[in-house]
Amino acid sequence: MVFASLEFLTLFLPAFLIVHTLSPARWRNAVLLVASWIFYGWWSPILLVLFICLTLVGWVGGLAIDRSGTDRQRMRTLIVFIGVNLGILCWYKYANIVVETIDSVRGWTGALPLEWERVVLPIGLSFIVLQSISYLIDVQRRDVDADRSLIQFGAYQAMFVHLIAGPIIRYEWVRHELRARKVDWAQFASGARRFMIGMSMKVLVADTLAPLVDLAFALPAPSLADAWLGCLAYSLQLFFDFAGYSAMAIGLGQMLGFHFPENFNHPYLARSIQDFWRRWHLSLSTWLRDYLYIPLGGNRLGALRTYVNLLLTMSIAGLWHGGDNWNFLLWGMAHGLALTGARLWADAHLPAVPALLSRVLTLAFVMLAWTLFRAHDFAAALAMYRGQFGMNGLALTSALAFAMRPAHGLAILLGIAGVMAPALAQARVRVPPRVLARVDAAWPVAGFVLSFGLITSRGAVPFLYFQF
Amino acid sequence: MRASSSRRGGSAWAGVGFVVFLAGAALSNAIGVIVNDVPVTRQPITLPALLDGRVSQDMARQMAETPLPSMAARIERAASWVAIGDLGPRVRQGCPGWLFLSDEMAVHADGGAHAAARLQTVARVAQRLRAQGIDLMVVVVPDKSRIAERHLCGQARAPEFEGRARQWVDRLNAAGVPAMDLTDAMDLPHTDTFLRTDTHWNETGAHAAAAALTARLLAWHDAPARLGPRVQVTRTVSSPEPRPGDLVRLAGIDGLPLAWQPPQDTVAQSTFVVAADTATTDEAALFGDDALPSVALIGTSFSRTSNFVGFLQMGLQARVANAARDGGEFAGAAAAYFTSPAFRQTPPKLVVWEIPERSLQRPLADDPVLD
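Rules used throughout
- Residues numbered from 1 in each chain as written.
- Chains lettered and ligands numbered in written order.
- Predicted model: local features only at pLDDT ≥ 70, side-chain atom pairs only at ≥ 80, totals over all residues.
- Heavy atoms only, no water.
- UniProt positions renumbered as here; feature names shortened; annotations may be inferred.
- Axes fitted to C-alpha atoms, helices over the stretch in contact; angles between N-to-C directions.
- Helix = DSSP H or I, 4+ residues; strand = E, 2+ residues; numbered from the N terminus.
- Left-handed = near helix turned anticlockwise from the far one by under 90°.
- Contact = heavy atoms within 4.5 Å.
- Nonpolar A, V, L, I, M, F, W, Y, C, P; charged D, E, K, R; others polar.
- Domains from an automatic or database assignment.
- Buried area = accessible area lost by both parts, 1.4 Å probe.
- Salt bridge = Lys/Arg side-chain N within 4 Å of Asp/Glu carboxyl O.
- Polar contact = N/O pair within 3.5 Å; in protein donor to acceptor, adjacent residues only side chain to side chain.
- Buried < 20%, exposed > 50% of the residue type's maximum accessible area, 1.4 Å probe, protein only.
- Phe/Tyr/Trp six-rings, centres within 6.5 Å; stacked < 30°, edge-to-face > 60°.
- Lys NZ or Arg CZ within 6 Å of the ring centre and 35° of its normal.

As recorded in an unreviewed UniProt entry, chain B goes by Alginate O-acetyltransferase complex protein AlgJ and comes from Pigmentiphaga litoralis. Looking at the Pathway (unreviewed entry) heading of the UniProt record, one finds this comment for chain B: "Glycan biosynthesis; alginate biosynthesis." The annotation that UniProt attaches to chain B under Subcellular location (unreviewed entry) is "Periplasm".

By the naming in an unreviewed UniProt entry, chain A is Probable alginate O-acetylase AlgI, taken from Pigmentiphaga litoralis. On record in UniProt, under Sequence similarities (unreviewed entry), the comment for chain A is "Belongs to the membrane-bound acyltransferase family."

Now the structure itself:
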């Protein structure tokens, strides 16, 4: 199930909120767990079995680590359970591409392709596995106690509000609220507002731009205008889709009495590539920092090792994002190289780049890297890059011009305004406070109502990070 | 201080609005199921259907039929059209009043490979039919935006679409499968062969297409012998009447007052009466299956619109069994017809397979299995 769907908005959510609100506090985790399993199993109940197994692995793993005597035993147990989690993730995520790669190598020798039935990636698996690993490591480090309640741990793992597309919620952040949480009207209303804003971001901007992006990235020889329009539209689509979903998750969490940290902080206004990763998908970037980069040695082992660690961490981040093709790995490596380059620049004490130029260069790099991220294979990415460097002509081609609708123009304008919001807020425009307050109160509701109309009229577009 | 209190006020409004919405949604579902008799699911509830999600997916579809979503969809479409002239993702406006299906202009990744794969599929079907003594004629209907290009008002089709119908047909002919592209037949000077607010041809276009197909079939060396008993077809034409267009419906603005919609087409509709030719019908044939059509037509809504079959029967002077399906795209009708009792028990001698140009390059995942 996705948030921007009729079944969620008109059936699941009203029913869940009524039952959750009327339940005694001690039953709320059970209600949340059962509802989350229904949410997860809605489209493919059979995959729920795998999900329940993963939950059991995480819960048993935590207890097993906790009961291991020495630090060495704790570490061994941790490695076993991380291995199980990663094994499941790698099978579902990378088996297809490994077989395809083997086939293409065999193809050079004239051998027939291997007989292979494609493995279907269960929704949200990557998020579930990262959460599980962070919990197991935290238990091993004695940062948190192992949860002895299967229902409570299951509710943490399964919580539908962030289940399929993050943010990646660490057990430590919510353990107190899992035991006792306060649900009141002010929290609910504030959460509702956040949810409405998130829904508006996703439906009004991201989903509206989706068909335009699909077309731009399908063009065999996009012109300069096609390629940059497609890239701009995708950059907006990805941000508004993902940040919108995160806002919905944070809002829903608030309605239930949870407080999740922010996942985005105006990433397209970043001053540098390091700054970008301090603003984009924070729950992932901090996860990578705490559970991968720092354990690898971080920047404590000398300059060369720091560069290697950066490159390795970002390459793994790229691989985590996708198993359909190797573009994701290249995307991660590109970011790793950019971070390494920035570090080299700083280490060499070269002069700082002027702030505005630095912002522009960072955004240009991020957008060029998104091209690799979005293209369905490397050849398609190269075609797009040829367009972006003007090798297929300059003007907008007829295919894209015909596909452009008034709604696309509005979504792009809305998207740019949203990205630039902090800068616009600083502009000295005199608006009476009462008008400002009314606009502030009305626009989330209006955006949500319009979004609901759009969901019903166009059908739900799946969330981009749905199968990551 | 003022900002945070105004934010609290804003949140209160959002909270109230959200609760009202959730209550309305729940009420809408209840009204849909209890009052309007919208079934919770049309999918038979079996364990396999539950496990692979067919039941839940169908429930989601049914929810769209309840009052709140259907009203919200109509309001959104109407408001977008009236406010910013937006016709939704599936319809584009060319010159004022001329609507086009956006699928026609969609560029698909690997579209050329998809068209080539479909060509192989058709060739395999032709071979299988030939083994059963059945001929196949493939007919490609050109895009409306190709034929009515002058009504695009400056918007141009992508250059890569230029030869997609003709090249596909040429390659099919080269592979030994008779095929024809209706572009030349339908591209009449100063005459519109497509409806303005509908994706389909008008009667002039249907007539022209049927005439070209008739000429090709009659010129085929053994096709006349395969057309079955001759029939006489008479045509009467009604007085012109307004005709609602499917593109207006697809854009979701058909609920608006007529004055706010693009002007409707006015159509004088033909009616065809088919009578057996007494000169070629003997007593035995009347009681045998000689009177059954020897020609079967599979295809899309083009074959079911503007009396294409009537014009074809009139031209061929033969009955044509119409097995086309609305929304059949490339192979929907073919898949249904070739597995039907009608085909198995009374196979035709000639199959005409009508395929819209826009279907050729669509993703293959949309196709039913034919092999």
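1. Details of the packing of helix α9 (residues 203-219) of chain B against helix α13 (residues 308-316) of chain B
Residue and element names in this part refer to chain B. Between α9 and α13, whose axes approach to 8 Å, the crossing angle comes to 35°. Pair α9 / α13 crosses with right-handed handedness. Facing Glu-203, Ala-206, His-207, Ala-209, Ala-210, Leu-213, Thr-214, Leu-217 and Leu-218 of α9, the residues of α13 in contact are Phe-308, Phe-311, Leu-312, Met-314, Gly-315 and Leu-316. Looking at the contact of α9 with α13, its residues break down into 11 nonpolar, 3 polar and 1 charged.

2. Looking at the domain arrangement of chain A
Interface size is often expressed as the accessible area that is lost when the parts come together. Residue and element names in this part refer to chain A. Domain parsing of chain A yields domain 1 (6-181) and domain 2 (188-466). Centre-to-centre separation of domain 1 and domain 2, based on C-alpha positions: 25 Å. With 41 residues of domain 1 at the interface, the matching set in domain 2 holds 39 residues. Both sides of the domain 1 and domain 2 interface together cover about 3500 Å² of buried area, and 72% of this is carbon and sulfur. On the surface where domain 1 and domain 2 come into contact, there are 1 salt bridge. The tally of links between domain 1 and domain 2 comes to 12 residue pairs in polar contact (both at pLDDT 80 or more). For the side of domain 1 that touches domain 2, the elements supplying multiple residues, two or more each, are α1 (6-22), α4 (71-108), α5 (125-140) and α7 (171-179). Element by element, the count of residues in the side of domain 1 that touches domain 2 is highest for α1, at 8 residues. The class makeup of the residues in the side of domain 1 that touches domain 2 is 26 nonpolar, 8 polar and 7 charged.

3. Quick word on the environment of A:Leu292
Residues and elements named next belong to chain A. The topology assignment puts Leu-292 in helix α11 (residues 282-293). Accessibility expressed as a relative area gives 17% for Leu-292, which makes it buried. Taking C-alpha positions, Leu-292 is 25 Å from Asn-96, a pair spaced 196 residues apart along the chain. If near-sequence neighbours (up to four positions away) are discounted, Leu-292 is found in contact with Trp-287, Thr-313 and Ile-316.

4. Some remarks on the packing of aromatic side chains
Under the counting rule described, the total for this entry stands at 56 aromatic pairs over all chains. A ring pair is formed by A:Phe242 and A:Trp280, whose centres lie 6.4 Å apart and whose planes are at 70°; its orientation type is edge-to-face. With a gap of 38 residues between them, A:Phe242 in helix α9 (residues 224-256) and A:Trp280 in the loop between α10 (273-277) and α11 connect regions that are remote in the sequence. Each member of the pair, A:Phe242 as well as A:Trp280, is classed as buried. A cation over a ring is seen here: A:Arg374 above A:Tyr234, with NZ or CZ 6.0 Å from the ring centre. Positioned above the aromatic ring of B:Phe100 is the side chain of B:Lys144, whose terminal nitrogen or guanidinium carbon lies 5.1 Å from the ring centre.

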